[in-house]
Every structure is written in C-alpha cells, then in structure tokens.
Amino acid sequence: MTPEEFRESARSALKSCGVADSALAGALTVRTPLTGDELLSVHEADGPETDAAVRAAHAAYQQWQTVPAPVRGALVKRLGQLIGEHKDELATLVTLEAGKIRSEALGEVQEMIDVCDFAVGLSRQLYGRTMPSERPGHRLMETWHPLGVVGVISAFNFPVAVWSWNTAIALVCGDAVVWKPSEKTPLTALACTALLDRVIAEHGAPADLHRLVVGGRAVGEALVDSALVPLVSATGSTRMGREVGPRVAARFGRSLLELGGNNAAVVTPSADLDLTTRAVVFAAAGTAGQRCTTLRRLIVHRSVADELLEKLTTAYRKLPIGSPLESGTLVGPLIDENSYRAMNSALDAARADGGEVLVGGGRRDVPGAPDAYYVEPAIVRMPSQTEIVRTETFAPVLYVLGYETLDEAIALHNDVPQGLSSGIFTRDQQEAERFLAADGADCGIVNVNIGTSGAEIGGAFGGEKETGGGRESGSDAWRAYMRRATNTINASGQLLLAQDVSFL
Ligand code: UN1
C-alpha cells in the first residue's frame, strides 16, 4: 500500500464509524507504524479545553446518575451492537495505528463487545448488601451510587479495549467519562467516540456523557488535578503511574492504575512442552511484545531447558515478521523508533550481564517501509536475574532463567518490582496448586498451562506492586466506579443508640 492508500483506508474506516472529515485536521500528526508514514492529523487539546470537557461531562453525569441502571445498561447494549457492526473498520484502524495483525486487531474489538455484554449484565447486578442490625426495628444496608466523571487515560497498545473496559462499566455505574487516549492512537479513539456519540443521541442521554480529549501532558494533568474527576483510571508505564497516583491522592481522588508488567512463566519438568512452546511464542512474541501482559521471563527447570529452548528457537526462526496487512504475518512492527532503541539497549545490557542471545534481536527490513521498526523477537538466556531482567522493556525480548526447585522458581518469579501476570506449565497438580497459593506467584493474574497474555473479559484485570494495584473490567471491578453509602434505617419508633450508649 502507498501512503495515500493508507490514508484512504483510514479515512474510509473513520467515515463509516461516523467521524466527520472536519475532525481530521489539526496540529497532531498521526503516523502508522506499518511504514512510519504520516497517516492523518487531528486536533490537539490543551488544559483549558480539558477543563471545559470535564465541566460538561460533570453536568451530564448529574443527569445520568438518576437514570436507572438497567436503562443505562440498554445504552451500553446498543454500543456493543454498534461496535460489532463496525468490527471490521475498527480493526482496520487498530492495525493502521497500533500495528496489530488482523486477528489480534479483531480480537481487541471483540474484547470491547465482550465487556459491553458484561456491563449490560452488571447493570442489573450492582448489588449492595444488607446486614443484621444490633438494634431491634432497625435495618442496615449499603447502596452503591454513581461516582462522577471518570478520567480515562489509555495507552497505544490497546487503544480501544482498555477504553471500553472503563467506559462500558463507568456508564452502567452512572458515571460520565472524559478520555485521553495515547497521542499515538487518536484515530481509533475518534472512531469509538463517534459510535458512542451516536448511541448517546439515539437514547436521548446527555450529549456530554462521554468526551474525548486528544492531547499530551497538559490534558493528562488537567484530568489528574481536577476536583471534578473523582476517579482517574490510567494505563501506561510505572513512571507515569508514579506521577499520577500521588497527585490524584493529594486531592483525595481515587486512581485505578494499570502499569508495567514483567510477566513470567515457570516451566516444570512435567510440562507438555509442545503446548508450552505454542503458549510461550504467542505470549512473548505476539503483538510484537507490546502487551502489558507480554511474557518477558521464562523460568525453566534445568532438566527441560535445552529441549524447550530448541523448540522455541525453531519456532522463533519461522515466525512470519512483516506488514500486518499481509495474511500470515504474526509479528508486526514496533510502535516507533523509541521502542526499537529501548529493545536494543535492553539487549546490550543483557549481553553485558552475560546473557546469550539465542535467536532474534535484529531489525528486519520490510520493503517499502524504511522508516518502520520491524524486529525479530529475541530469546536471551541469562546467567541470573540481573537488573535488565527486572526491568520492563516494551518489546519482544524473552529472558530465560534456569531453576532446580519450585521454591527457587517462585522466588525468582516474585523477585521483580512488577506484579501483573504469571503462569505455570505443569501436569503436576501439587505444583500448580503451590503456584496458585498464598506463597506462590504474587501477581494479579496467575494462570496454569496458559500464557500470561490474552486474558478474557469476566475476570478482574490488573496487578500488584509497581503494576499499580488497580482492577478493571471483570468480577467486582465495578465497585471502583461507584461510591458506597451505608444506611441505617430506624423503623422502631424509638431512638436506640448503637453500642448501648445512653444519652438524653
Ligand atoms: C494491556 O496490554 O494493556 O490480557 C492489556 C491481555 C489483553 C489485555 C492487555 N486482554 O493481554
């Protein structure tokens, strides 16, 4: 495809989602990682514009909070349908902007549909508890109420799914949303916004219930500092979270942080090595290593290390790397030159620590794309878990460490600052249970015989330690988007004080 054909493809996908041509002009240039060429440009917002969007969204929330939750769910149901109807175009935009292969781009859009379904179900299940009161004729219960405007800050690597995790849940919870997408992926954001705007209009909901603000630091800071944003849900680097968390806390706001991962899998002697190989290749090389759940460390029992590494390096050598538009490609480009540099310096650091690059690590020239950064996913055998192994590099580098005892493997596994996702490959139930136990893997996601990436909707998503502690999308993650009121209701006709206190 020529740059003009890319632009045309993006334009027509945007148009079919309802994005007006007038939105495709402005100071922010969007590039496609497929070739590095300019795609389109969009308007870049500043702080005051963000403040205005927050005020408008707050006014919308004040109306929306009184709409019954199942009615709010009906809106999200329609959103899910509309996303389904535009699955192709949305996936095209995800590919053009984030560089995902078709199957993964479609998968990301499917994740949006799934979370909408989940949120619709939730809209009739925002349960509060009732508790027995110690006083006769009294009732004790809790009620969950909408919270306000949720500020959503999302990253380039899941440009639409992470937005939907937050937005579908926030909307059924009665909140409004102001979204700051990654500056690298504003087109997918425009498309999702146009679809949601259409649903909002169809349902007669307040127009400012969802506002998109594309921009850089100033936009993020406005969300982080606004007293009208009780919850900031931010996905990105630990460095970003270190700034966002304390700043939001300083004004007693809440933050929901989804930060870096340094995900590991333990491979025990009883593992099915063919299954393990397939799982590892997807988790480590898929999405060109640019998921927060990407497998970055493999902790292998020494007795099976050579055999497994033989299978893995063979599979890696055959990986089809190239344009995600070519059918059959499994590894697309890195997002930009910075990612490529980060990968190179990680490999240099690993070599300096005594690491041996078993496969990959080079840049791959793709015809017609001299300004793009396609790389060969790398596997590096490390003598020990050095500082670079303990650091998240957002690129396809898999470090391999050996172990003798499961205790040693779990200790290595947990000895990193991050705590997002983990897995064990084993056919031994005792080993699996040990890994899942309190003194096992210390992550928010702990899997057995499945890789670290590709979580499905339904479970709470998020992690511990420097991953930030937030939980999104599944299970009871909705509670973060609501406020809880505890109610004591006295129907006794007398004033009875708790704890038997006598007064007046
Ligand atoms: C992310 O990389 O920010 O579990 C999210 C997964 C996807 C979501 C990843 N469902 O890999």
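Residues numbered from 1 in each chain as written. Predicted model: local features only at pLDDT ≥ 70, side-chain atom pairs only at ≥ 80, totals over all residues. Heavy atoms only, no water.

- An unreviewed UniProt entry annotates the chain as aldehyde dehydrogenase (NAD(+)) originating from Cryptosporangium minutisporangium.
- Turning to the chain, the UniProt annotation filed under Subunit (unreviewed entry) states: "Homotetramer." (UniProt positions renumbered as here; feature names shortened; annotations may be inferred.)

## Considerations on the overall build of the chain
Part 1: Regarding its fold elements, the chain presents 14 helices and 23 strands.
Part 2: Relative to the globule expectation of 23 Å for 504 residues, the C-alpha radius of gyration of the chain, 24 Å, shows essentially globular dimensions.
Part 3: Burial status across the chain gives 56% buried among its 504 residues.
Part 4: Considering only intrachain contacts with a sequence separation of at least 6, the fraction spanning at least 24 residues in the chain is 74%.
Part 5: Summed over its atoms, the accessible surface of the chain is roughly 20,300 Å², and 51% of this surface lies on carbon and sulfur atoms. (Helix = DSSP H or I, 4+ residues; strand = E, 2+ residues; numbered from the N terminus. Rg over C-alpha atoms; globule rule 2.2 N^0.38 Å. Buried < 20%, exposed > 50% of the residue type's maximum accessible area, 1.4 Å probe, protein only. Contact = heavy atoms within 4.5 Å. Areas by Shrake-Rupley, 256 points an atom, 1.4 Å probe, with all protein chains shown as cover.)

## Digging into the sheet that holds strand 4 (residues 138–146)
The strands making up a sheet associate through hydrogen bonds between their backbones, and the pairing can be parallel or antiparallel.
Part 1: The strand order across the open sheet built from 3 strands is 3-4-23, with neighbouring strands paired in antiparallel fashion. Looking along the sheet, the strands with just one partner apiece sit at the ends: strand 3 (130–131) and strand 23 (482–490). (Pairing = 2+ DSSP bridges.)

## Some thoughts on helix 3 (residues 69–85)
Part 1: Here helix 3 contains 17 residues, and its C-alpha end-to-end distance of 25 Å stays within 8% of the 24 Å for a straight helix at 1.5 Å per residue.
Part 2: Restricting attention to buried positions, one finds in helix 3 the residues Ala69, Arg72, Gly73, Leu75, Val76, Arg78, Leu79, Gly80, Leu82 and Ile83. (Expected span 1.5 Å × (residues − 1).)

## Brief notes about the UniProt feature "active site" (unreviewed entry) in the chain
Part 1: Look at the UniProt record and you will see "active site" (unreviewed entry) annotated at Glu258.
Part 2: Note on placement: Glu258 falls in strand 9 (residues 254–258).
Part 3: Residue class for Glu258 comes out buried when judged on its relative accessible area of 4%.
Part 4: Contact partners of Glu258, with chain neighbours within four places excluded, come to Ala234, Thr235, Gly236, Phe461, Gly462, Gly463, Thr467, Gly470, Arg471 and Glu472.

## As for the layout of surface pockets
Any empty space left between atoms is shown by rolling a water-sized probe over those atoms.
Part 1: By volume, the largest pocket amounts to about 1,400 Å³.
Part 2: Put simply, the parts of the chain that give the lining of the largest pocket at least two residues each are helix 8 (217–225), helix 9 (238–250) and helix 12 (337–352).
Part 3: With 6 residues, helix 9 is the single largest residue contributor to the lining of the largest pocket.
Part 4: Considered class by class, the residues forming the lining of the largest pocket number 14 nonpolar, 16 polar and 14 charged.
Part 5: Taken as a whole, the second largest pocket holds about 350 Å³ of empty space.
Part 6: If you go around the second largest pocket, you meet 17 residues; those closest to its centre are Leu190, Thr193, Leu212, Val213 and Val214.
Part 7: Only helix 2 (47–64), helix 7 (186–202) and strand 7 (210–212) provide two or more residues apiece to the lining of the second largest pocket.
Part 8: Take the lining of the second largest pocket: its biggest share by element is 4 residues, from helix 7.
Part 9: Broken down by class, the residue content of the lining of the second largest pocket amounts to 11 nonpolar, 3 polar and 3 charged. (1 Å grid on protein atoms, 1.4 Å probe; cavity = no way out; pocket = protein on both sides within 12 Å on 5 of 7 lines; lining within 4 Å. Points joined across faces, edges and corners; volume = space filled by probe spheres on them. Nonpolar A, V, L, I, M, F, W, Y, C, P; charged D, E, K, R; others polar.)

## What to know about the UniProt feature "domain: Aldehyde dehydrogenase" (unreviewed entry) in the chain
Part 1: Taking the numbering used here, the UniProt-annotated feature "domain: Aldehyde dehydrogenase" (unreviewed entry) corresponds to residues 28–484.
Part 2: Taken end to end, residues 28–484 is 40% helix and 21% strand, and its first and last C-alpha atoms sit 40 Å apart.

## Things to note about the site of the ligand
Part 1: Inspection of the region around the ligand gives Glu111, Asn157, Phe158, Trp165, Arg291, Cys292, Thr293, Ser453, Gly454, Ala455 and Phe461 as its neighbouring residues.
Part 2: Within the side chain of Glu111, a nitrogen or oxygen atom sits 3.1 Å from a nitrogen atom of the ligand.
Part 3: In the complex, 99% of the free accessible area of the ligand, which totals 320 Å², lies under the protein chains.
Part 4: Here the ligand occupies the largest cavity.
Part 5: Across the shell around the ligand, the residue classes break down as 5 nonpolar, 4 polar and 2 charged. (Near = heavy atom within 4 Å. Polar contact = N/O pair within 3.5 Å; in protein donor to acceptor, adjacent residues only side chain to side chain. Sits in = over half its atoms within 2 Å of the grid points.)

## Observations regarding the packing of aromatic side chains
Part 1: Scanning all chains against the criterion turns up 5 aromatic pairs.
Part 2: Geometrically, the ring pair formed by Trp163 and Trp179 is stacked, given 4.9 Å between the ring centres and 20° between the ring planes. Placement of Trp163 in helix 6 (residues 161–172) and of Trp179 in strand 6 (residues 176–180) is noted, with a sequence separation of 16 residues between them.
Part 3: On the basis of relative accessibility, which here comes to 1%, the residue Trp163 falls in the buried class.
Part 4: A cation over a ring is seen here: Lys100 above Phe158, with NZ or CZ 3.3 Å from the ring centre.
Part 5: For Arg363, the ring lying beneath its charged end belongs to Tyr340, and the centroid distance is 5.3 Å. (Phe/Tyr/Trp six-rings, centres within 6.5 Å; stacked < 30°, edge-to-face > 60°. Lys NZ or Arg CZ within 6 Å of the ring centre and 35° of its normal.)

## Overview of the environment of Asp197
Part 1: Inspection of the secondary structure assignment puts Asp197 in helix 7.
Part 2: Counting along the chain gives 47 residues from Asp197 to Val244, while the straight-line C-alpha distance between them is 28 Å.

## Side note on the side chain of Ser422
Part 1: Residue position: Ser422 is located in strand 18 (residues 421–425).
Part 2: Leaving out residues up to four positions away in the same chain, Ser422 has contacts with Ala264, His413, Phe435, Ala441, Cys443, Ile445, Val446, Asn447 and Thr452.

## Some remarks on the pairing of strand 11 (residues 295–301)
Part 1: For strand 11, a buried count of 7 out of 7 residues is recorded, marking the element as mostly surrounded by other parts of the structure.
Part 2: Assessed by its sense of winding, the connection that carries the chain from strand 10 (residues 263–267) through helix 10 (residues 273–285) to strand 11 is right-handed.
Part 3: Bridge analysis of strand 11 against strand 16 (residues 397–403) gives 5 bridges, and the strand direction is parallel. Looking across to strand 16, one finds that His301 is bridged to Tyr403. (Right-handed = clockwise from strand over helix to strand, strands pointing away.)

## Thoughts on empty space enclosed by the protein
Part 1: With the rule as written, the count across this model stands at 2 cavities of 30 Å³ or more.
Part 2: Approximately 140 Å³ is the volume found for the largest cavity.
Part 3: Partitioned by chemical class, the residues of the lining of the largest cavity number 6 nonpolar, 4 polar and 4 charged.
Part 4: Reported here for the second largest cavity is a volume of approximately 90 Å³.
Part 5: Lining the second largest cavity are 14 residues, and of these Ala98, Gly99, Lys100, Thr287 and Gln290 sit closest to its centre.
Part 6: Taken together, the residues that form the lining of the second largest cavity break down as 7 nonpolar, 5 polar and 2 charged.

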